[in-house]
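Residue-level listing of the chains:
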Amino acid sequence: MSTEIGPTQIADNVWAFLWMPGSWGQANTGLLVDPGSASMVIDTVWDTVRARQITEETAILVRNAPVTEVVNTHSDGDHWWGNDSVPAGARITTSTASLHAMKEETPPSGVQAFASLGSLVGWVPGPLGAMGSYMNLIRGDAAFPKKRPRLPDHSFDVTEEIQVGAQEVRLRYLGPAHTVGDLIAHVPGAGVVFTGDLLFVGSTPILWHGPLGNWIDAIDHLLSLDAATYVPGHGPLCSGVEIRALREYWMWVEAAGREHFDAGVESAHAARNMMHSAEFEQFASWDSPERLVLSLSTLYRLWKGEPAAPPTLARRARAFADAGALVKE
């Protein structure tokens, strides 16, 4: 069941807007306020209804500290398609790689059309029906923007420091991993890190771009920050325990997946075998466990020697068909 939570105060003048259980499109966002000065929003959601709700809740907290800065942690639509809900005068920042990907990604209208088609063919037996039903599942009941939202107007390559009143926010690009442009927002004075989709907690992660080694390195960097609170892109607030569990998942996926690849087992069958293994039991309760097949589709490409790259629409469709088949089993 979808539960929209917020605002949740996680440190002095820092809030998170959580969306449980952190499934498809249920992205977390954040707010940093320097009273009497300025505020920063971290990520915006793709559902216009939820975006308006967060804007209304935010307005109460920023009455004497207008939102002047916004950060988008990466290019997935569920983390920036709500950009039209932030003040027009606020500066929006993301990584250079993420900004490029946002310009190339399928717009909301295209995803809406794809999902609507999926709802019509979901009953069809075979891969087409599996793909359609899964794409419709991804959209859920979200109301997408009718046009491409406002793009960020500022970007950086590796690191950037932004002052929000007296608070310092340190941005660091740690991708490519989940996507090509993954960044984190560290608020050292508050002991908080907004991680975007470099962290999924209680929700199965997806490797869309890779390489996986970069993601594991990013996890190690997050642990090295030793923050009091981490706000994942999806799922509940966490500490080092949950971050280490994600690291264990990826280490297992890499080892078991490579074993299947070397044995010539097709990626969908490899995912099915891995999900029935004893090693998978510790991860089986995470939301959307079938996403394993999406990550394996990326890893198989990389193990074949193909370059890391954003997924094409055709790649996504094939992966969604495999995931949809697993859900129906």
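Everything numeric in this text was worked out from a predicted model, so none of it was measured.

**Observations regarding the overall build of the chain**
Okay, so step 1: Within the chain, the secondary structure is distributed over nine helices and 12 strands.
Okay, so step 2: In terms of C-alpha radius of gyration, the chain reaches 19 Å, essentially the compact-globule figure of 20 Å for 329 residues.
Okay, so step 3: C-alpha extents for the chain along the principal axes are approximately 60 × 40 × 35 Å.
Okay, so step 4: The buried share of the chain, taken over its 329 residues, is 57%.
Okay, so step 5: Sequence separation of at least 24 residues holds for 68% of the intrachain contacts in the chain that already meet a minimum separation of 6.
Okay, so step 6: Here the chain holds 23 positive side-chain charges and 37 negative ones, and the gap between their average locations is 6 Å.

**Focus: the environment of Pro-149**
Okay, so step 1: When you line up the elements, Pro-149 lands in the loop between helix 4 (127–139) and strand 7 (154–156).
Okay, so step 2: Residue class for Pro-149 comes out buried when judged on its relative accessible area of 4%.
Okay, so step 3: Along the chain, Pro-149 and Phe-280 lie 131 residues apart, while their C-alpha atoms are 39 Å from each other.
Okay, so step 4: Filtering out sequence-adjacent residues up to four positions away, Pro-149 remains in contact with Trp-80, Trp-81, Asn-83, Asp-84 and Pro-108.

**Describing the pattern of salt bridges**
Okay, so step 1: If you walk through the whole model with that rule in mind, you get eight salt bridges.
Okay, so step 2: Residues Arg-316 and Glu-105 are paired through a salt bridge, measuring 3.7 Å at the closest nitrogen-oxygen approach. Pair noted here: Arg-316 is in helix 9 (residues 313–328) and Glu-105 is in the loop between helix 2 (96–104) and helix 3 (108–121), with a separation of 211 residues, a long-range link.
Okay, so step 3: On the accessibility criterion, Arg-316 (15% relative accessible area) is buried.
Okay, so step 4: Residue Glu-105 is classed as partly exposed on the basis of its relative accessible area, which comes to 22%.
Okay, so step 5: Arg-170 is the salt-bridge partner of Glu-168, the closest N and O atoms lying 3.2 Å from each other.

**Looking at the side chain of His-234**
Okay, so step 1: Structurally, His-234 can be placed in strand 12 (residues 229–234).
Okay, so step 2: Within polar-contact distance, the side chain of His-234 engages the side chain of His-79 at 3.4 Å.
Okay, so step 3: A polar contact is formed between the side chain of His-234 and the side chain of Asp-197, at a distance of 3.4 Å.

Conventions adopted
- Residues numbered from 1 in each chain as written.
- Predicted model: local features only at pLDDT ≥ 70, side-chain atom pairs only at ≥ 80, totals over all residues.
- Heavy atoms only, no water.
- Helix = DSSP H or I, 4+ residues; strand = E, 2+ residues; numbered from the N terminus.
- Rg over C-alpha atoms; globule rule 2.2 N^0.38 Å.
- Buried < 20%, exposed > 50% of the residue type's maximum accessible area, 1.4 Å probe, protein only.
- Contact = heavy atoms within 4.5 Å.
- Lys, Arg positive; Asp, Glu negative; His and termini not counted.
- Charge placed at Lys NZ, Arg CZ, Asp CG, Glu CD.
- Salt bridge = Lys/Arg side-chain N within 4 Å of Asp/Glu carboxyl O.
- Polar contact = N/O pair within 3.5 Å; in protein donor to acceptor, adjacent residues only side chain to side chain.

Everything listed here is a matter of coordinates, which is why it stays silent on function.
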